[in-house]
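For reference, the chains in residue letters:
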Number of protein chains: 2
Amino acid sequence: MDVSSLPRVVVVGGGFAGLWATRALARDRVRITLVDRSNHHLFQPLLYQVATAGLSAPDIAAPLRHILRGQRNVEVRLADVEAVDAAAGCIRLDDGTDLAYDYLLLAAGSTHAYFGNDQWAAHAPGLKTLDDALGIRRRVLLAFERAEAESDPAKRAAWLDFAIIGGGPTGVELAGTLAEIARHTLRDEFRNIDPASARVRLIEAGPRVLASFPDALSERARRQLERLGVEVLTGTPVTAIDASGYRLGDRFMPSRTVLWAAGVAASPLARSLGVPLDRAGRVPVESDLGVPGQPRIFVAGDLAAVTRPDGQPVPGVAPAAKQMGRHVAQAIRARIGGHAAPAFGYRDWGNLATIGRMAAVVHFGRIKLSGVLAWWFWLLVHILFLIGFRNRVVVMFNWTWAYWSYQRAARIIFGKGGSGGT
Amino acid sequence: MDVSSLPRVVVVGGGFAGLWATRALARDRVRITLVDRSNHHLFQPLLYQVATAGLSAPDIAAPLRHILRGQRNVEVRLADVEAVDAAAGCIRLDDGTDLAYDYLLLAAGSTHAYFGNDQWAAHAPGLKTLDDALGIRRRVLLAFERAEAESDPAKRAAWLDFAIIGGGPTGVELAGTLAEIARHTLRDEFRNIDPASARVRLIEAGPRVLASFPDALSERARRQLERLGVEVLTGTPVTAIDASGYRLGDRFMPSRTVLWAAGVAASPLARSLGVPLDRAGRVPVESDLGVPGQPRIFVAGDLAAVTRPDGQPVPGVAPAAKQMGRHVAQAIRARIGGHAAPAFGYRDWGNLATIGRMAAVVHFGRIKLSGVLAWWFWLLVHILFLIGFRNRVVVMFNWTWAYWSYQRAARIIFGKGGSGGT
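Residue positions are given per chain, counting from 1 as you read along its sequence in written order. Chains and ligands are labelled by the order in which they are written, letters from A for the one and numbers from 1 for the other. pLDDT decides what is reported in this predicted model: residues at 70 or higher carry local features, side-chain atom pairs at 80 or more are listed and counted, and totals for whole chains, interfaces and linings draw on all residues regardless. Just so you know, side-chain values use all the structure's heavy atoms and leave hydrogens and water out.

A short note on the packing of helix α1 (residues 16-24) of chain A against helix α8 (residues 318-336) of chain A
Residues and elements named next belong to chain A.
Next, step 1: It is at 7 Å that the axes of α1 and α8 come closest, and there the two elements cross at 40 degrees. In this view, α1 runs oblique relative to α8, as classed from their interaxial angle. Considering only the axes of α1 and α8, their crossing is right-handed. Residues Phe-16, Ala-17, Trp-20, Ala-21 and Ala-24 of α1 form the contact with α8, whose participating residues are Ala-318, Ala-321, Lys-322, Gly-325, Arg-326, Ala-329 and Arg-333.
Next, step 2: Here the contact of α1 with α8 is built from residues that sort into eight nonpolar, one polar and three charged. Here an angle of 0 to 180 degrees is reported between the N-to-C directions of two axes, which are lines fitted to C-alpha atoms, with helices fitted over the stretch in contact. Helix numbers and strand numbers start at the N terminus; a helix is a DSSP run of H or I with at least 4 residues, a strand a run of E with at least 2. Orientation labels follow simple angle bins: below 35 degrees gives roughly parallel, above 145 gives roughly antiparallel, 65 to 115 gives roughly perpendicular, and whatever is left gives oblique. Here is the rule for handedness: rotate from the far helix to the near one, and if that takes an anticlockwise turn smaller than a right angle the crossing is left-handed, while a clockwise turn gives right-handed. In this description, contact between two residues means that some pair of their heavy atoms is separated by no more than 4.5 Å. Side-chain classes are defined by residue name, with Ala, Val, Leu, Ile, Met, Phe, Trp, Tyr, Cys and Pro counting as nonpolar, Asp, Glu, Lys and Arg as charged, and the others, Gly among them, as polar.

Next comes the structure, spelled out in structure tokens:
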């Protein structure tokens with residue numbers, strides 16, 4: 001059989017949805033092209049560890065080519081996708097070439113959203129990519145350096161003020177870890193400042209942190225954060241952010257380090273599909289994850305708006321993305337065989353979030369855990385699911401080391417020789 | 001005793017010379033300020049491993065503050081030094097402040113030198129800092145990506161052409177490792193190119209590679225390189241470099257990846273001392289490593305031009321820098337006590353260079369080794385001297401893993417989401 005007559009499957013995005021779909025098609029008679037703008041699959045649940053200098057960037061990333069080297073029906077392409085041309089059946093890449101498809105999976109994920117305040121982006125970076133993580137690491141480490149060199153007490157206090165906007169899992173992780181860095185990691189290292197005097201605030205507009213968890217676990221997460229030294233402000237919308245601080249209602253808070261964990265929006269690529277999107281820019285898909293009116297196009301992962309039979313949305317978490325990816329592989333297989341694709345059913349494995357050293361919350365079914373036990377559970381799950389044996393071993397070693405020494409392995413400032421701007 | 005009356009020692013540079021001098025003064029009644037433009041001490045002998053994706057940047061770097069946290073007579077300052085004002089007895093920092101000293105150690109190291117061809121810098125990056133290493137890693141990995149996406153055979157060949165200019169230890173290490181990446185690491189990962197067809201050339205203007213070694217070892221190094229798949233060109237000066245390739249005499253060689261390992265020059269900071277410098281911009285120091293006519297200023301490491309009693313120069317290697325650093329600590333102690341400083345004596349521990357997998361050369365005293373035995377020796381020495389227990393363990397693990405799997409742990413492209421320019 002001539003290979004060039006096989007159906008062409010194009011997968012956009014090498015995250016959990018795209019990669020799992022690609023792998024699930026390993027034994028199918030198709031030609032797959034996986035397109036990603038970066039050369040690696042990223043284990044996003046641990047990205048905050050790179051931002052807070054606990055892990056090196058390569059510890060949580062694996063080259064897509066390497067993961068897929070043995071799967072001969074896949075070609076990996078490093079490129080940015082500029083648009084989908086559904087009428088012509090192709091996607092347009094940033095190097096000007098068009099890539100034709102018989103079946104397309106759009107799994108391009110999400111990006112930060114500043115809800116109409118795009119000018120905040122420069123002052124309050126978000127955390128989605130490895131480059132974001134290294135930028136945040138740089139900002140945080142340099143803030144302590146600037147404080148050490150600053151003689152004016154008010155300016156020094158602003159350098160020692162850290163604000164995390166958004167009380168979801170990422171915000172909670174960042175706040176808990178920053179408090180640990182200030183109180184433990186940097187102990188004894190400075191001569192003019194006491195890093196433990198740094199202020200770490202977690203600011204949430206809604207009534208509670210970790211809103212996707214039951215009330216009781218939110219409350220326990222809050223108490224655990226406070227025990228780690230984080231000030232938790234709920235019901236407190238941020239009304240302005242600039243280089244010198246942020247505003248909560250009438251109060252201006254001087255701060256040189258504001259991090260954004262408050263909102264995500266779907267990849268703008270969804271707009272080129274020409275179908276109605278939901279408020280977050282996601283594609284409301286049909287029961288088989290197909291795009292309405294586009295029998296050859298599927299959407300999975302954070303870009304897909306999927307509703308469960310009970311009316312609840314499928315959450316934007318890694319296990320959901322993997323399940324959707326595998327389902328799309330099955331749907332494409334069905335279509336190629338001339339069958340109707342089955343409906344997607346989400347299997348909820350529960351919800352877990354880490355807060356800091358020995359602190360986490362876990363919710364699955366009727367089980368609600370918090371504290372030490374939840375933390376061990378979280379650790380186990382995250383190491384188990386890391387891609388690649390090497391990464392698992394290195395991450396486990398780094399964490400054991402970090403745990404006993406309170407040290408963080410990756411406290412290295414890159415860029416401009418470490419002395420550039422903030 | 002009032003601390004503020006203690007002699008002020010300012011050390012510029014946290015490399016081997018500066019850091020070893022600082023540590024040697026741990027029990028002295030002095031106030032030390034260590035100034036560096038980056039926040040970490042870098043284990044430079046393994047920098048090529050970061051450039052070639054074998055190690056993560058944090059594996060070979062440790063925060064200066066952390067190394068020195070227990071030494072209470074030291075303050076670490078993250079800043080660029082702009083000038084030395086010997087008349088006023090102070091140095092000028094890039095944040096506009098002046099730092100006064102009673103004794104100054106200038107150990108600012110060296111930078112790339114393009115011998116009057118500064119326009120080559122953009123096309124042929126050198127390797128001195130972690131940022132340099134990550135930039136080279138990015139270039140090399142992207143070159144294979146571009147080749148995979150390129151359909152024009154001539155353009156594709158230029159993407160698969162790697163030239164390393166300079167046959168010293170850094171050039172040899174880079175060439176040997178690039179050949180291994182092309183032949184082994186990337187095997188099976190591409191669909192349109194054969195990475196093993198990549199051309200790796202090591203180009204040296206002088207008559208042989210590793211000129212600081214005896215003739216016989218140079219010759220063995222050359223043969224080992226050729227066995228790894230490197231083309232070695234000696235007696236071949238490069239006469240031009242641009243974005244599309246380089247020129248050797250009349251021949252233009254199309255190449256998209258040219259790396260510079262041909263020359264270093266001393267830090268330009270030396271010029272502000274107002275004393276005559278040698279051709280490489282280094283400071284010819286007196287026998288005690290003091291600057292002629294400047295009894296309060298010492299120079300150590302790559303910035304110092306030191307001649308041994310037999311007329312041979314002290315080489316620019318890590319053991320020499322450490323010895324000089326320790327000597328300057330002793331000299332400062334002597335001056336404070338009103339004594340004359342002793343003369344510096346260099347203890348030559350030998351010379352070693354790695355070439356690639358199981359290939360290295362070692363020379364000390366009458367012993368000349370090459371091949372597997374030299375490689376094991378090189379490995380042992382480099383792991384032993386890595387700063388910090390954690391780094392040693394992680395590096396050992398990464399190398400063992402890399403050795404058995406032919407994989408390289410850090411093949412992650414950063415910057416512009418991995419899809420930007422080259």
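Thoughts on the nonpolar core
Most often, soluble globular proteins keep nonpolar side chains buried together rather than apart.
Next, step 1: Take the buried Ala, Val, Leu, Ile, Met, Phe, Trp, Tyr and Cys residues and link them wherever side-chain atoms come within 4.5 Å; each set so joined is a nonpolar core. When a residue's accessible area, from a 1.4 Å probe over protein chains only, is under 20% of the maximum for its type it is buried; when over 50% it is exposed; and in between it is partly exposed. Counting 252 residues, the largest nonpolar core has A:Ile91, A:Leu130, A:Phe144, B:Ile91, B:Leu130 and B:Phe144 as the members making the most contacts within it.
Next, step 2: Setting aside residues no more than four positions away along its own chain, B:Ile91 makes contact with B:Val10, B:Val12, B:Val35, B:Val81, B:Ala83, B:Val84, B:Thr97, B:Asp98, B:Leu99, B:Tyr101 and B:Leu104.

So, the environment of A:Ser38
Residues and elements named next belong to chain A.
Next, step 1: Locating Ser-38 in the fold gives a position in the loop between β2 (31-36) and β3 (40-42).
Next, step 2: By relative accessible area, which is 15% here, Ser-38 ends up buried.
Next, step 3: In this structure, the C-alpha to C-alpha distance between Ser-38 and Trp-120, residues 82 residues apart in sequence, is 25 Å.

Digging into the domain arrangement of chain A
One frequent convention defines the size of an interface as the accessible area lost when the parts assemble.
All names here are of chain A.
Next, step 1: Each domain's extent is set by a domain assignment, obtained either automatically or from a database. The domains assigned to chain A are domain 1 (3-37 + 79-112 + 264-336) and domain 2 (118-262 + 357-418).
Next, step 2: Tallying the contact residues gives nine residues for domain 1 and seven residues for domain 2.
Next, step 3: Buried area, as used here, totals the accessible surface that two parts lose on assembly, with accessibility defined by a 1.4 Å probe and the loss added over both. Taken together, both faces of the contact between domain 1 and domain 2 bury some 520 Å²; the carbon and sulfur share is 62%.
Next, step 4: It is His-112, Val-264 and Lys-322 that lose the most area in domain 1 upon contact with domain 2, and together they represent 65% of the buried surface on that side.
Next, step 5: Only one rule defines a salt bridge in this text: a Lys or Arg side-chain nitrogen within 4 Å of an Asp or Glu carboxyl oxygen. Across the contact surface, domain 1 and domain 2 share zero salt bridges.
Next, step 6: N or O atoms within 3.5 Å of each other form a polar contact, as long as, within protein, one can give a hydrogen and the other can take it, and as long as residues adjacent in sequence are counted only when both atoms are side-chain atoms. At the junction of domain 1 and domain 2, the tally comes to two residue pairs in polar contact (both at pLDDT 80 or more).
Next, step 7: Listing elements by their share of the side of domain 1 that touches domain 2, those giving two or more residues are α1 and β10 (110-112).
Next, step 8: Residues of the side of domain 1 that touches domain 2, tallied by class, amount to three nonpolar, three polar and three charged.

Describing the interface of chain B and chain A
Next, step 1: The interface is formed by 55 residues belonging to chain B together with 55 residues belonging to chain A.
Next, step 2: Carbon and sulfur atoms supply 55% of the area buried between chain B and chain A, which totals about 4700 Å² over both sides.
Next, step 3: Scanning the region where chain B abuts chain A turns up two salt bridges.
Next, step 4: Between B:Glu145 and A:Arg65 there is a salt bridge, with the nearest N and O atoms lying 2.6 Å from each other.
Next, step 5: At the junction of chain B and chain A, the tally comes to 20 residue pairs in polar contact (both at pLDDT 80 or more).
Next, step 6: When contributions to the side of chain B that touches chain A are tallied by element, the ones reaching two or more residues are β4 (61-63), α3 (64-67), β5 (74-78), α4 (130-149) and α10 (389-405) of chain B.

Some points on helix α1 (residues 16-24) of chain B
Next, step 1: Most of α1(B) sits out of view: seven of its nine residues are buried.
Next, step 2: Those residues of α1(B) not exposed but buried are B:Phe16, B:Ala17, B:Gly18, B:Leu19, B:Trp20, B:Ala21 and B:Thr22.

A few points about the relation of the copies chain B and chain A
Next, step 1: At an RMSD of 0.0 Å, chain B and chain A line up after a rotation of 180 degrees and a shift of 0.0 Å along the axis. With respect to symmetry, the two chain copies, as superposed, fit the operation of a two-fold axis. The atoms used to superpose the copies are C-alpha atoms, taken from residues with pLDDT of at least 70 in both, and the fit is least squares.

Details of the sheet that holds strand β14 (residues 238-242) of chain B
Residue and element names in this part refer to chain B.
Next, step 1: Here we have three strands laid out as an open sheet, ordered β14-β15-β16, and antiparallel in their pairing. Looking at strand neighbours, the two that pair on one side only are β14 and β16 (251-254), the edges of this open sheet. Neighbour to neighbour, the strand axes of the sheet diverge by 20 degrees on average, direction disregarded.
Next, step 2: When DSSP finds two or more bridges between two strands, those strands count as paired. In terms of strand pairing, strand β15 (residues 245-248) meets β16 through four bridges, oriented antiparallel. By the bridge assignment for β16, Arg-247 is matched with Phe-252.

With respect to a nonpolar patch on the surface
Next, step 1: To count toward a patch, a residue needs a relative accessible area over 30% and no salt bridge; like charges are then connected within 9 Å, while nonpolar side chains (Val, Leu, Ile, Met, Phe, Trp, Tyr) are connected within 5 Å. Accessible surface area values rest on a Shrake-Rupley calculation with a 1.4 Å probe, where residue burial reflects the displayed protein chains alone. Side chains of A:Leu380, A:Leu384 and A:Phe385 sit close together on the surface and give an oily, nonpolar patch of about 320 Å² of accessible area.
Next, step 2: Along the polypeptide, A:Leu384 turns up in helix α9 (residues 372-385).

Side note on the side chain of A:Arg137
Next, step 1: Tracing the backbone through its elements, the reader meets A:Arg137 in helix α4 (residues 130-149).
Next, step 2: As used throughout, the charge tally considers Lys and Arg to be positive and Asp and Glu to be negative, leaving His and the chain termini uncounted. Buried charge A:Arg137 goes without a salt bridge, the closest partner of opposite sign being A:Asp59 at 7.7 Å.
Next, step 3: Only 3.1 Å separates the side chain of A:Arg137 from the backbone oxygen of A:Val50, close enough to count as a polar contact.
Next, step 4: Ignoring anything within four residues of it in the chain, the contact list for A:Arg137 reads A:Val50, A:Ala51, A:Ala53, A:Leu55, A:Ser56, A:Ala57, A:Ala410, A:Ile412, A:Phe414 and B:Pro58.

Some points on unusual backbone geometry
Generally, phi is negative for residues other than glycine and the peptide bonds are trans, each holding for most cases.
Residue and element names in this part refer to chain A.
Next, step 1: A positive phi is found at Asp-188, a non-glycine position, where the angle reads about 75 degrees.
Next, step 2: With respect to the element layout, Asp-188 can be found in the loop between α6 (169-185) and β12 (199-203).
Next, step 3: Look at Leu-289: it is not a glycine, yet its phi comes out positive at around 75 degrees.
Next, step 4: When you line up the elements, Leu-289 lands in the loop between β19 (283-284) and β20 (290-291).

Things to note about the packing of aromatic side chains
Next, step 1: Stacked, tilted and edge-to-face are the three classes assigned to paired rings of Phe, Tyr and Trp, where Trp is represented by its six-membered ring and a pair needs centres within 6.5 Å; plane angles under 30 degrees give stacked, over 60 edge-to-face, the rest tilted. One pass over the full model with this rule turns up 18 aromatic pairs over all chains.
Next, step 2: Centroid distance A:Phe16 to A:Phe43: 6.0 Å. Interplanar angle 80 degrees. Geometry classified as edge-to-face. Here A:Phe43 lies in the loop between β3 and α2 (47-51) and A:Phe16 lies in helix α1, a separation of 27 residues in the sequence.
Next, step 3: A:Phe16 gets classed as buried once you look at its relative accessible area, which sits at 9%.
Next, step 4: Here A:Phe43 falls in the buried class, since its relative accessible area comes to 5%.
Next, step 5: Between A:Phe144 and A:Phe190, the ring centres sit 6.3 Å apart and the planes meet at 40 degrees, which makes this aromatic pair tilted. In this pair, A:Phe144 sits in helix α4 while A:Phe190 sits in the loop between α6 and β12, placing the two residues 46 residues apart along the sequence.
Next, step 6: Relative accessible area serves as the criterion here: at 2%, A:Phe144 is assigned to the buried category.
Next, step 7: Connected via pairs of aromatic rings, a cluster forms that spans A:Tyr114, A:Phe115, A:Trp120 and A:Trp260.
Next, step 8: Geometrically, a charge over a ring is one whose NZ (Lys) or CZ (Arg) sits within 6 Å of the ring centre while staying within 35 degrees of the ring normal. Over the aromatic face of A:Trp159 sits the side chain of A:Arg256, whose NZ or CZ is 4.1 Å from the ring centroid.
Next, step 9: The ring centre of B:Tyr103 lies 5.7 Å from the NZ or CZ of B:Arg296, which sits over that ring.

Digging into the sheet that holds strand β7 (residues 90-93) of chain B
Residues and elements named next belong to chain B.
Next, step 1: Read from one edge to the other, the open sheet built from three strands follows the order β6-β7-β8, with strand pairing classed as antiparallel. This sheet does not close on itself; its edge strands, each paired only once, are β6 (81-85) and β8 (98-100). The sheet shows a mean angle of 25 degrees between the axes of neighbouring strands, taken without regard to direction.
Next, step 2: The pairing of β6 with β7 spans four bridges and is classified as antiparallel. For Val-81, the partnering residue across the bridge sits in β7 and is Leu-93.

Notes on the pattern of salt bridges
Next, step 1: For the structure on display, the rule yields 34 salt bridges over all chains.
Next, step 2: The salt bridge partner of A:Asp161 is A:Arg201, with a shortest N-O separation of 3.4 Å. Placement of A:Asp161 in strand β11 (residues 161-165) and of A:Arg201 in strand β12 is noted, with a sequence separation of 40 residues between them.
Next, step 3: A relative accessible area of 5% means that A:Arg201 is categorised as buried.
Next, step 4: Here B:Asp98 ties to B:Arg92 by a salt bridge, and the two come within 2.5 Å at their closest N and O atoms.
Next, step 5: A relative accessible area of 43% places B:Asp98 in the partly exposed class.
Next, step 6: Overlapping salt bridges bring together A:Asp161, A:Arg199, A:Arg201 and A:Glu231 as one network.

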